[in-house]
Amino acid sequence: MAVKIKLKRLGKIRSPHYRIVVADSRTRRDGRAIEEIGKYHPTYNPSVIEVDADRVAYWLGVGAQPTEPVLAILKKTGDWQKFKGEPAPAPLLVAEPKAVRPSFEALGGDDEGKGEAITQKKKAEKKDEAAAESSESTEA
């Protein structure tokens, strides 16, 4: 039985996520896998690559063949070079944590009201005029 290390596609139409799986070479792309050994999220910036290095080394050691996309991922993580006995590549980029925006109070904003609105709603004006006219007519 030929075993391959390949990508299993998940996610929506325009936001793919992949799992790096070990599967029989005859199974379909999203079919049943023997073992899941990693994740790959290409749409994130920078892309997220998580690989279980011990399991990759084991499966490569017992003869599993990686597909071309998986081979490129393994070369980026350094697992392929470790398996072949070559020098390790440069480290991968890691996403920087997003800066927290300062709150309103931290910027020196005060929470005091600035007063009432200058213009009133038109419906309120009509009701006030009607109430004023009715009070004038009752007084006269």
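Note that the structure is predicted; figures quoted are calculated from it, not measured. (Residues numbered from 1 in each chain as written. Predicted model: local features only at pLDDT ≥ 70, side-chain atom pairs only at ≥ 80, totals over all residues. Heavy atoms only, no water.)

Read across the open sheet, the five strands follow the order β4-β3-β2-β1-β5; overall the sheet is mixed. Pairing within the sheet leaves two strands with one partner each, and these edge strands are β4 (48–51) and β5 (65–66). Across two bridges, strand β1 (residues 3–11) lies against β5 in parallel orientation. Pairing of K4 across the sheet is with Q65, part of β5. Packing against the sheet, helix α1 (residues 53–61) makes contact with β1, β2 (16–24), β3 (35–41), β4 and β5, and its axis sits at approximately 120° to β3. (Pairing = 2+ DSSP bridges. Helix = DSSP H or I, 4+ residues; strand = E, 2+ residues; numbered from the N terminus. Contact = heavy atoms within 4.5 Å. Axes fitted to C-alpha atoms, helices over the stretch in contact; angles between N-to-C directions.)

Within this structure, the stated rule accounts for three aromatic pairs. Where Y18 meets Y40, the ring centres are 6.1 Å apart and the plane angle is 25°; that geometry is what we call stacked. One end of the pair, Y18, is in strand β2; the other, Y40, is in strand β3, and 22 residues separate them in sequence. (Phe/Tyr/Trp six-rings, centres within 6.5 Å; stacked < 30°, edge-to-face > 60°.)

Moving on to helix α2 (residues 68–77). Turning to α2, its buried residues are V70, I73 and L74. Seen from one end, α2 has its buried residues packed into an arc of 100°, which puts them on one side. Of the exposed residues in α2, the ones pointing more than 90 degrees away from its buried face are E68 and K76. Just past α2, the residue G78 takes up positive phi, approximately 95°. (Buried < 20%, exposed > 50% of the residue type's maximum accessible area, 1.4 Å probe, protein only. Arc of directions from axis to C-beta.)

On to α1, then. By the burial criterion, the buried members of α1 are V56, W59 and L60. For α1, the angular spread of the buried residues around the axis is 100°, confining them to a single face. Away from the buried face of α1 by more than 90 degrees, exposed residues D54 and G61 are located. Looking one or two residues beyond α1, the residue adopting positive phi is G63, at roughly 110°.

All right, on to the confidence of the model for the protein then. Taken over all residues, the pLDDT of the protein has a mean of 81, while the share at 70 or more is 76%. Within the protein, no element has a lower average pLDDT than helix α4 (residues 122–139), which sits at 67, and none a higher one than β2, at 93. (pLDDT = per-residue confidence, 0-100.)

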